Amino acid sequence: MIRTDALPKARGALPYAPDVELPGMLWAVYVTSPHPHAEIRRVDTAGAREVPGVVDVLTAEDLPGLLPREPEPTRPLLATKVTRFVGEPVALVAAENLPAARAGASRVQVDYRVLPAFTDLEREFPHWPTPEEMRSHPQVNAHVHARRGDFDQVAHRADHVHRERYQTAMVAQVPLEPHACLARVQGDDWYVLTTTQAPFGIREDLADKLGLPQEKVRVEGTWVGGGFGGKNEALLEPHALLLSRRTGRPVRIALTFQEEFLFSRTTQPAIFWMESCLKDGKLVARRTRLLLDTGASLPGRDFALGYSLGFTLGPYRLESFELEGYALRTHRPPFGPHRAPLAPQCTFASEGHLDSLARDRGEDPVEFRLRHVWRPGDRTALGQPVGPFAAEAGLRRARETARAWKASAPPGHGVGVALGFWSTGTGAGGEARLTLSPEGLVLLQGEREIGNGSIWQGLPEVVAATLGVPPAIVSVRYGDTAHAPFDSGVWGSRTTAALGYAVAKAAEGLRRELERRAPGSGPVSFTARDGALTVAREGRSYPATDLMTPEERAEGGLRVEAKHYGKNEGTLEEGLVLEGEMFPYSDLIASVHVAEVSVDRETGAVKVLRYAAFQDAGKVVNPPGYRGQVEGAIVMGLGTALTEEGLLDPEGHLANPGLLDYRIPTLSDPPPELTIVALEGSLGSGVWGSKGVGEPPIIPVPAAVANAVADATGARVTVLPLTPERVSQALRGGARDPGGGRR
Amino acid sequence: MTGEPPLTLRVNGEERTVPEVAADTRLLDLLRWRLGLKGTKEGCRTGGCGACTVLVNGESVLSCLTLAREMERQEVTTVEGLTGTPEAEAVQQAFAEAGAVQCGYCTPGFVLALVSLRREHGASPPDLPTLANELGGNLCRCTGYYAIVRALADLLGVPVTSELPKSTFTVEPGGSP
């Protein structure tokens, strides 16, 4: 079935956030810091105010009286006294039109005193630091240390200890639609129309940032031009709302692509020190030490480290392990979630390390994985029981494919395999409201379709299948957060799986209600006739709307509501020695990928020719949507693997904040041959036993490519992305990163 | 903004006079904010993504890199003007059917670029590799391009050739050990 939003989008007929306007609207633009770290001595806005058309200028000084409560100095909405990264908002200028706003912004004078900046993790930490160094390090945001057993003792008795260092780069989500919003404050109604993956999350974030009760904040989502994790947080909305409050006018803010790279939320570099112990041919222990650059993130708000560390152990049985990591606050762009946050990076380190260990021993890396991979009934490193998990099945399929490709590939090509695992956000809750009305079956949603098809296609399919009717009679309508039922948002690969669960319950509820109301006692069946739900029982059939009460008719229909709050994700094992915070997993999802590459020995250029993905699906709910997610995720992962890298110049400025220098895949880049197999059967906790799909297929991509390069050349590239420069350096036998610029 | 001259151009077949068009106004902004044609999407504004593609005298141009004043007496066609023509409908339908529209933000740009490519060659329409090559400046972050290539192939009624991205998708049992 064709998605009903596809043609209107192709005709340019659907409005996105950058397209919306209101009469009397002001345009606001940011004045941002040109320095990674500087003291703000003075902000002079007089020149800006003289520009014809400028209506208002907002600086940190204006905030105290404006917010219902004092802003916290550690979490400034605008830079106060110091700037912490290039691109940090220092002021906003609102004007009657965009040229006036820009002219005004250029005339805001900020007197900075430049301070020493910490922007280069590698230079700051050439080695894993000692506990003493870190105890007094001013930039430590979070520290996690978890272990079972004594790694050093195991290493002492081991036959072999394999040690490597891996490093990953700054990458950005780069949806084609930049962030934009339009705010209008009228009395106690703080209303904002915005491009977001999570209207209710934005509402909570705004209430928190502005010190307002949630009821006063009303968020309405627009059609979203791609999210990929970057549209979960209130970014421009607080500023637009504050300017609207001050001016009494609607205020529009839209970011430029340069601003997207600088102060939307991106992934920053990480360094991994990996150690694995072998005893009698068996992997018995692993230690990961991770330094994670979390950019100019806010003190005490770190989820990334505790969530990602566990992925560096891989889904393998280990007798003992040690994980230690520091999240470091630096003067780089602030860190935020990006499609399976940090999992592609952790898996690049973990699966590259495993691959090189197996190859060093002369063992087939897939066989090595099969000897150690978790099977249902095992326990994860953190001590949770392993539930349904198709990693072994995926590895067997990958082994078959890798052998066939190896046999048919021309000499010089390499074939690599990588196994990624993930745990999705299916534990986060959602509520559904399904209405039987004269217009058909209508679902009311807070979040708009963001592109993956989960809201617009997945949810109607769940309703339709539950009732046994075609999806065409189910439609989705949108409401703002004051009207739509709560949902956690379109993130964490959760929407079809988890919100779909609530939607299925609502459809079941409707079925039961109609069965109760239909005259007679035989079995009830449903069909669609002229776009309307029709009920049949004992040879009689009539429109379902005939069963509505007069009150329901007056109120627009028969409304059924249902909630689904996922299972608790379990607890970490007792006896695990843990400092800091780590998080248990929900459903475990495997992605096993195979890549065939050619490597140009002269230039170091890598070409991916064949690619296969064996995905642990549980159950596929929306096949075209599933396919689209896997195709898109793999190509995005190839960008992370081969070309995408935010580079800093020596002064700490991002050197390539735009599409001409930060290279995302184009039409000529994807592998010409891609095989996707969704393996059903290891059921997850989503509707019908489904597992999430948005994130899992990006996870093993960089590792699969690097492992294929190692197979082709014998050289292991341990730094992302695998640029021609790094690959040719590795081919010449250089063990260290040649640097492709500083990260 | 006062004192700037007006601009007269043809947009989607209609003559339009826009008062006070500044010398640095981009065609993209003129179309979106002075003429209300929001189907032309604003992406990177630096010529790197193709989302703002429009036709000028039938040829595709990036409206973010084109100065509005250069359009004096020129014929500009946006997605709104092209929609409803058989050539645009064919492209739009092919994209929709192939699953090539996810977030949809890049789609109008692809549609305009494609229509122009297919028109340019008149009698001998470009083949699939040529089309794919010419679309290198139109970026899509959602689909990984597989569905877009499927749409192009469907449009031409040909199979996807060996060097272009093509995928197979199967749902199989066997996911339990």
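As the structure is a prediction and not an experimental result, all values here were calculated from the model.

Along chain A, the regular secondary structure elements total 20 helices and 27 strands. Taking the principal axes of the C-alpha coordinates as reference, chain A spans close to 80 × 75 × 50 Å. Across the 743 residues that make up chain A, the buried fraction comes to 67%. Put simply, of all contacts in chain A between residues at least 6 apart along the chain, 79% involve residues at least 24 apart.

Across chain A, the average pLDDT comes to 94, with 97% of residues at 70 or higher. For the stretch residues 735-743 of chain A, pLDDT sits under 50, and the model shows 31 contacts to residues farther than four places along the chain or on other chains.

Residues and elements named next belong to chain B. Where helix 3 (residues 86-98) contacts helix 6 (residues 146-156), the two axes come as close as 8 Å, and the packing angle between them is 130°. On the basis of their axis angle, the class for helix 3 and helix 6 is oblique. The element helix 3 and its partner helix 6 pack so that their crossing is right-handed. Contact residues: Ala90, Val91, Ala94, Phe95 and Ala98 in helix 3; Ala147, Ile148, Arg150, Ala151, Asp154 and Leu155 in helix 6. Of the residues that constitute the contact of helix 3 with helix 6, the class distribution is nine nonpolar, no polar and two charged.

All names here are of chain A. For helix 13 (residues 365-372), a buried count of six out of eight residues is recorded, marking the element as mostly surrounded by other parts of the structure. Among the residues of helix 13, those classed as buried are Pro365, Val366, Phe368, Arg369, Leu370 and His372. Against the buried residues of helix 13 lie strand 13 (270-279), strand 14 (282-293), helix 12 (343-360), helix 14 (391-408), strand 16 (414-423) and helix 19 (701-713).

Residues and elements named next belong to chain A. Counted by the stated rule, this structure contains 65 salt bridges over all chains. In this structure, Glu645 engages Arg726 in a salt bridge whose closest nitrogen and oxygen atoms are separated by 2.9 Å. Taken together, the residues span a long stretch of sequence, with Glu645 in the loop between helix 18 (623-642) and strand 27 (673-680) and Arg726 in helix 20 (residues 724-731) at a distance of 81 residues. According to the relative accessible area criterion, Arg726 is buried, its value standing at 2%. In the salt-bridge network here, residues are joined through shared partners; they are Glu351, Asp355, Arg359, Arg369, Lys406, Asp711 and Arg716.

The next thing to look at is the sheet that holds strand 20 (residues 524-529) of chain A. Residue and element names in this part refer to chain A. Taken together, the three strands give an open sheet; going across it, the order is 20-21-22, and neighbouring strands pair in antiparallel fashion. Edge strands, defined here as strands with exactly one partner in the open sheet, are strand 20 and strand 22 (540-543). Strand-to-strand, the axes of this sheet are offset by a mean angle of 30°, without reference to chain direction.

Turning next to the environment of A:Val366. Residues and elements named next belong to chain A. Tracing the sequence through the fold places Val366 in helix 13. Under the relative-accessibility criterion, Val366 is labelled buried at 5%. Residues Val366 and Leu395, 29 residues apart in the sequence, show an inter-C-alpha distance of 6.9 Å. Apart from residues lying up to four places away in sequence, Val366 is in contact with Leu395, Arg399 and Val417.

Before going further, it helps to examine the domain arrangement of chain A. All names here are of chain A. Segmenting chain A into domains produces domain 1 (6-116 + 179-254), domain 2 (270-425 + 572-731) and domain 3 (430-564). With 13 residues of domain 1 at the contact, the number on the domain 2 side is 17 residues. Roughly 1,200 Å² is buried in total at the junction of domain 1 and domain 2, and carbon and sulfur atoms are behind 62% of that figure. Contact with domain 2 buries area across many residues of domain 1, yet Arg84, Phe85 and Phe228 alone supply 41% of it, more than any other trio. Inspection of the domain 1/domain 2 interface yields three residue pairs in polar contact (both at pLDDT 80 or more). Class assignment of the residues belonging to the side of domain 1 that touches domain 2 gives a composition of six nonpolar, five polar and two charged.

With 13 residues, helix 3 of chain B extends 18 Å from end C-alpha to end C-alpha; this agrees with the ideal 18 Å at 1.5 Å per step. For helix 3 of chain B, the complete set of buried residues consists of B:Ala88, B:Val91, B:Gln92, B:Ala94, B:Phe95, B:Ala96 and B:Ala98. If you follow the buried residues of helix 3 of chain B, they end up packed against helix 1 (6-10) of chain A together with helix 2 (79-82), helix 4 (107-120) and helix 6 of chain B.

Time to look at the domain arrangement of chain B. Residue and element names in this part refer to chain B. What the domain assignment reports for chain B is domain 1 (7-78) and domain 2 (83-156). For domain 1 and domain 2, the distance between their C-alpha centres works out to 21 Å. The interface of domain 1 with domain 2 comprises 16 residues on the first partner and ten residues on the second. Between domain 1 and domain 2 lies a buried interface of about 1,000 Å² when both sides are counted; carbon and sulfur atoms form 57% of it. Contact with domain 2 buries area across many residues of domain 1, yet Lys41, Thr53 and Leu55 alone supply 35% of it, more than any other trio. Between the two partners, domain 1 and domain 2, sit zero salt bridges. Where domain 1 meets domain 2, there are four residue pairs in polar contact (both at pLDDT 80 or more). Put simply, the parts of the chain that give the side of domain 1 that touches domain 2 at least two residues each are strand 3 (53-56) and strand 4 (59-62). Considering every element that reaches the side of domain 1 that touches domain 2, the biggest residue donor is strand 3, with three residues.

Taken together, the contact pairs 63 residues of chain B with 70 residues of chain A. Among the residues of chain B in contact with chain A, B:Trp33, B:Arg141 and B:Phe169 are the three that bury the most area, contributing 17% of the side total. Between the two partners, chain B and chain A, sit seven salt bridges. Of the charged contacts, one joins A:Glu631 and B:Arg150 as a salt bridge, the two residues approaching to 3.0 Å between their closest N and O atoms.

Axes are the key here: two packed helices are described by the angle between their axes and the distance separating the axes. Residue and element names in this part refer to chain B. Axis separation between helix 3 and helix 4 bottoms out at 10 Å; the angle between their running directions is 130°. The angle between helix 3 and helix 4 falls in the class oblique. Of the two possible hands of crossing, helix 3 and helix 4 adopt the one that is right-handed. Each of Glu87, Ala88, Val91, Gln92 and Phe95 in helix 3 lies in contact with helix 4, whose residues at this interface are Thr107, Phe110, Val111, Leu114, Val115 and Arg119. The residue makeup of the contact of helix 3 with helix 4, split by class, is seven nonpolar, two polar and two charged.

The strands making up a sheet associate through hydrogen bonds between their backbones, and the pairing can be parallel or antiparallel. Sheet architecture is open: five strands sit in the order 16(A)-25(A)-26(A)-27(A)-6(B), paired in mixed fashion. Of all strands in the sheet, those bounded by a partner on one side alone are strand 16 of chain A together with strand 6 (166-172) of chain B. The sheet shows a mean angle of 15° between the axes of neighbouring strands, direction not considered. In this structure, strand 25 (residues 588-599) of chain A lies alongside strand 26 (residues 606-618) of chain A, joined through nine bridges in antiparallel fashion. Residue pairing in the sheet places A:Glu596 in a bridge with A:Arg610 of strand 26 of chain A.

The rules we used
Residues numbered from 1 in each chain as written. Chains lettered and ligands numbered in written order. Predicted model: local features only at pLDDT ≥ 70, side-chain atom pairs only at ≥ 80, totals over all residues. Heavy atoms only, no water. Helix = DSSP H or I, 4+ residues; strand = E, 2+ residues; numbered from the N terminus. Buried < 20%, exposed > 50% of the residue type's maximum accessible area, 1.4 Å probe, protein only. Contact = heavy atoms within 4.5 Å. pLDDT = per-residue confidence, 0-100. Axes fitted to C-alpha atoms, helices over the stretch in contact; angles between N-to-C directions. Parallel < 35°, antiparallel > 145°, perpendicular 65-115°, else oblique. Left-handed = near helix turned anticlockwise from the far one by under 90°. Nonpolar A, V, L, I, M, F, W, Y, C, P; charged D, E, K, R; others polar. Salt bridge = Lys/Arg side-chain N within 4 Å of Asp/Glu carboxyl O. Pairing = 2+ DSSP bridges. Domains from an automatic or database assignment. Buried area = accessible area lost by both parts, 1.4 Å probe. Polar contact = N/O pair within 3.5 Å; in protein donor to acceptor, adjacent residues only side chain to side chain. Expected span 1.5 Å × (residues − 1).

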